[in-house]
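Spelled out from the first residue to the last, the chains are:
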Amino acid sequence: VDMRNVSSSGFSFSYPNFFFCFSISLLCQAGMLWGHPQCLDYGPPFQPPFHLEFCSAYETFGCCDQDQDNSIAAKYWDIMDYIDPQGHQLCGGYIKDILCQECSPYAAHLYDAENPQTPIRNLPGLCFDYCSEFHFNCHSAITLLTNDKNIHECCEKNKTRFCNLLNIQDQDYCYPNVLKNTDLNRNLGSVVEDPKGCLQLCLTEVANGLRNPVLMLHANDNTHRMFVAEQVGIIWVYLPDGSRLEEPFLDIKKIVVATPWIGDERGFLGMAFHPQYKHNKKFYIYYSYMDKKKVEKIRISELKVSVSDVNKADPHSERTLLELEEPAANHNGGQLLFGLDGYMYLFTGDGGKAGDPFGKFGNAQNKSSLLGKVLRIDVAGKSPNGKPYCIPPDNPFVSDPKALPEVYAYGVRNMWRCAVDRGDPVTHRGRGRIFCGDVGQNRFEEVDIIVKGGNYGWRAKEGFECYDLKLCHNSSLDDILPIFAYGHTVGKSVTGGYVYRGCESPNLRGLYIFGDFMSGRLMALQEDERKNKWKKQDICIGSTKACAFPGLISSYNKFIISFAEDEAGELYFMATSYPSAYAPHGSIYKFVDPARRAPPGKCKRKPIPVKTRSKRIPFAPLASRSFGFYFILWHNKKLFLLSLLRGVLKWQNRCILDSQRYLGAYPPDSNTCPFFWHRCNSQDTCVAAAYICRCLKLTQQPSFCCKSSLGACVFASSMCTIASCHPNAYLPPRPQSNSWAKERQALICLRYLIW
């Protein structure tokens, strides 16, 4: 116990920390901060890479590597130099045990260090009986174990007071009980599972304020930069320190077809860096656009990076590779990637509408159509017929006169997010496999592994079942079946993911992690190599006990848009609370296993420095608001609203500019503005926040529906939605008045000012 915070009447606290302490006490009362495996550096335990000579009890799993073990051993022998030979025999074991608790998997709990805001103990928590024995036999060693003079004065001769100070409320976690508790140690180091088998993982937020982030990529150039694309057609550069460059890498929103309509599938959809990007600076994009004849198409293009700035693309370097006319606004595909063979793979949708109604068998089964396919092309040259790419000579249908030579696989509906497996880092097993999530129609979602020349069944089949009975009964027995499919009671729109091959979370290696856009469910598939089958497990994010680490969060936005892998193989996903291309509510989360991490130093990265000309914007996590913040907000509504409105007036001009950048305010020349105002299910959350404040009138009711003079009806789930708008809030039709336009400009900044 840090005696600096102890008074004669017990522990003291200062007023500024009251709300923090109050919130922590509430959480503890709710049973949310019980002890969990955690080290003194606030990270999970690990398996030491080398044998521990001194604290050998923790050499299989704990919080010490060889350097820490040697340091503890040196401290032990320094103490023992002051103890006579009889004391060596009597007290040596006690002193060693106490010092080695720094290596315990529960070290943070033993030292009251689970929260960095609380003072750390000088000595670990000892069970009362064990402490009494130590004090009876070795109380003179207390002065050697700690430099705290307050402990020296009060406790060297007072066993009861000393042991009360070292006591831990939960006796299961004090030493040595913590070693004997079979429940705590049974699966120590394994991924935590709840009673239903759901894997307990945690998250850390790495980016926010994004407008439907559809992808995040690295360039494999050893810079460890991440490129994040928004559906509206803007790509941002994120640096290894978490900051974002103020100027975008690419901005083509003027030519990308994207609307604020909820669930609109058009927009900027795909991107891939050339395997030799480090040398040729080429990358490729996939987006919706409208040609001069007002025909909606998909365009796949090649671009280069600016010669003068490695963090800026050259928009004038665009070279169109392929254009596809889209019969409908949905099922646009959108994945681009390069396989290990160096060829580009393109994943197109079946053309849209429902049931692939195009032609006798649909686009997906028609090999003379490029829709509903996996295509493979060589971007290194041009074809003799004038196409700006070549056809790989081993494409499966190059000799079929009824098939287009670009087709690599067919029978797909709308594959949304595919990834190349890096393979096991030691055995290389699985390397090069391409996993895809294929969105279903009415009943099933599926995960596939792409096979050369494979027919994935659509529209004859959906998942493992028949969809079109006539086609299904006549279909080939060689159709490629999914490795996994799930019904619409689980989710209604699969988002393909990645096989985890990173370093930081060893327990996750080999798991294919994916999710569902509609249900917000996260899932994992584990391969059974002997049976050639895949076992599904749910992933649960939300246990505050498992995620009680500084910097970790246990909640996320519901709509899972995409997954990503950084240059080191760590896994992320992108999600939004409101699935509109113009709503700035998208965040990026990184997966963290709270049960086990890699040993310190094993996963060090050495990014190549990159010169930046644009201003760096530091990352500010939205998810870091404490319980105390919302407690203050709840009880000071009037003061909060007055200061908020005062801030709007003071910073109005600045906010109008910033809202366009950070809040996705619509550009003056945008053709989508009229659609936004006249669709009853569209919203700008900041305007919604303004209406909440306008209608609230300091009501004490937990939920309400209030109508403004403009006839708007705004819903809020609780008082906390003042700061974070409720996703189901509704907006009014656009009023015909100039005064409203000025009012809207000021009020659109509410959310930005709050955060």
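On a predicted model such as this, the values are computed, not experimentally measured, just so you know.

Cut-offs used in this document
- Residues numbered from 1 in each chain as written.
- Predicted model: local features only at pLDDT ≥ 70, side-chain atom pairs only at ≥ 80, totals over all residues.
- Heavy atoms only, no water.
- Helix = DSSP H or I, 4+ residues; strand = E, 2+ residues; numbered from the N terminus.
- Buried < 20%, exposed > 50% of the residue type's maximum accessible area, 1.4 Å probe, protein only.
- Contact = heavy atoms within 4.5 Å.
- Areas by Shrake-Rupley, 256 points an atom, 1.4 Å probe, with all protein chains shown as cover.
- Core = buried A, V, L, I, M, F, W, Y, C linked by side-chain atoms within 4.5 Å.
- Axes fitted to C-alpha atoms, helices over the stretch in contact; angles between N-to-C directions.
- Parallel < 35°, antiparallel > 145°, perpendicular 65-115°, else oblique.
- Left-handed = near helix turned anticlockwise from the far one by under 90°.
- Nonpolar A, V, L, I, M, F, W, Y, C, P; charged D, E, K, R; others polar.
- Polar contact = N/O pair within 3.5 Å; in protein donor to acceptor, adjacent residues only side chain to side chain.
- Phe/Tyr/Trp six-rings, centres within 6.5 Å; stacked < 30°, edge-to-face > 60°.
- Pairing = 2+ DSSP bridges.

**Digging into the overall build of the protein**
Part 1: The number of helices and strands found in the protein is 19 helices and 33 strands.
Part 2: Counting the 755 residues in the protein, one finds 55% classified as buried.
Part 3: Nonlocal contacts in the protein, meaning residues at least 24 apart in sequence, comprise 61% of its contacts between residues at least 6 apart.
Part 4: Just so you have it, the protein exposes about 34900 Å², and 52% of that area is on carbon and sulfur atoms.

**Structural notes on the nonpolar core**
Part 1: Residues Phe 249, Leu 250, Phe 268, Met 271, Phe 283, Ile 285 and Phe 514 are the most contacted members of the largest nonpolar core, which totals 83 residues.
Part 2: Among the elements that line this core, the one with the most residues is strand E11 (residues 282-290), at six residues.
Part 3: Discounting residues that sit within four places of it in the chain, Met 271 has contacts with Leu 215, Leu 217, Phe 227, Ile 235, Phe 249, Phe 283, Tyr 284, Ile 285 and Leu 336.
Part 4: Among the nonpolar cores identified, the runner-up in size contains 46 residues, and Ile 72, Leu 110, Tyr 130 and Leu 145 belong to it.

**Here we look at the packing of helix H2 (residues 66-80) against helix H3 (residues 85-99)**
Part 1: Closest axis-to-axis distance for the H2/H3 pair is 11 Å, and the angle between their directions is 150°. The angle between H2 and H3 falls in the class roughly antiparallel. You can see that H2 and H3 cross each other, and the crossing is right-handed. Residue-level contacts link Ile 72, Lys 75, Tyr 76, Ile 79 and Met 80 of H2 to His 88, Gly 92, Ile 95, Lys 96 and Leu 99 of H3.
Part 2: Partitioned by chemical class, the residues of the contact of H2 with H3 number six nonpolar, two polar and two charged.

**Some remarks on the side chain of Arg 597**
Part 1: Locating Arg 597 in the fold gives a position in the loop between strand E30 (586-592) and strand E31 (616-617).
Part 2: Its relative accessible area of 16% is what places Arg 597 among the buried residues.
Part 3: At a separation of 2.3 Å, a polar atom in the side chain of Arg 597 contacts the main-chain carbonyl oxygen of Pro 44.

**Looking at the packing of aromatic side chains**
What characterises a pair of aromatic rings is the spacing of the ring centres plus the angle enclosed by the ring planes.
Part 1: One pass over the structure, following the stated rule, counts 28 aromatic pairs.
Part 2: Ring centres of Tyr 287 and Tyr 289 lie 6.3 Å apart, and the angle between their planes is 65°; on these two criteria the pair is classed as edge-to-face. Exposure class is identical for Tyr 287 and Tyr 289. Each is buried.
Part 3: Taking the centre distance of 5.5 Å and the plane angle of 45° together, the rings of Phe 517 and Phe 559 count as tilted. Note that Phe 517 is positioned in the loop between strand E25 (512-516) and strand E26 (522-528) and Phe 559 in strand E28 (residues 559-565), a separation of 42 residues in sequence. The same class applies to Phe 517 as to Phe 559, namely buried.

**A short note on the sheet that holds strand E19 (residues 434-438)**
Part 1: Strand order in this open sheet of four strands is E18-E19-E20-E23, and the pairing throughout is antiparallel. Two strands close off the open sheet at either side, each with one partner strand: strand E18 (415-420) and strand E23 (484-487). In this sheet, neighbouring strand axes are inclined to one another by 10° on average, regardless of whether the strands run parallel or antiparallel.
Part 2: Of the pairings in the sheet, the one linking E19 to strand E20 (residues 444-449) comprises four bridges and is antiparallel in character. Following the sheet pairing, Gly 437 is matched in E20 by Val 447.

**What about the pairing of strand E15 (residues 344-347)?**
Part 1: Residue alternation in E15 divides its side chains into two sets, Met 344 and Leu 346 and Tyr 345 and Phe 347, and both sets are buried.
Part 2: In this sheet, E15 lies alongside strand E14 (residues 335-338) in antiparallel orientation, the contact comprising four bridges. Paired with Leu 337 across the bridge in E15 is Tyr 345.
Part 3: In this antiparallel pair of consecutive strands, E14 and E15, the connection spans five residues, and Gly 342 shows a positive phi of 85°.

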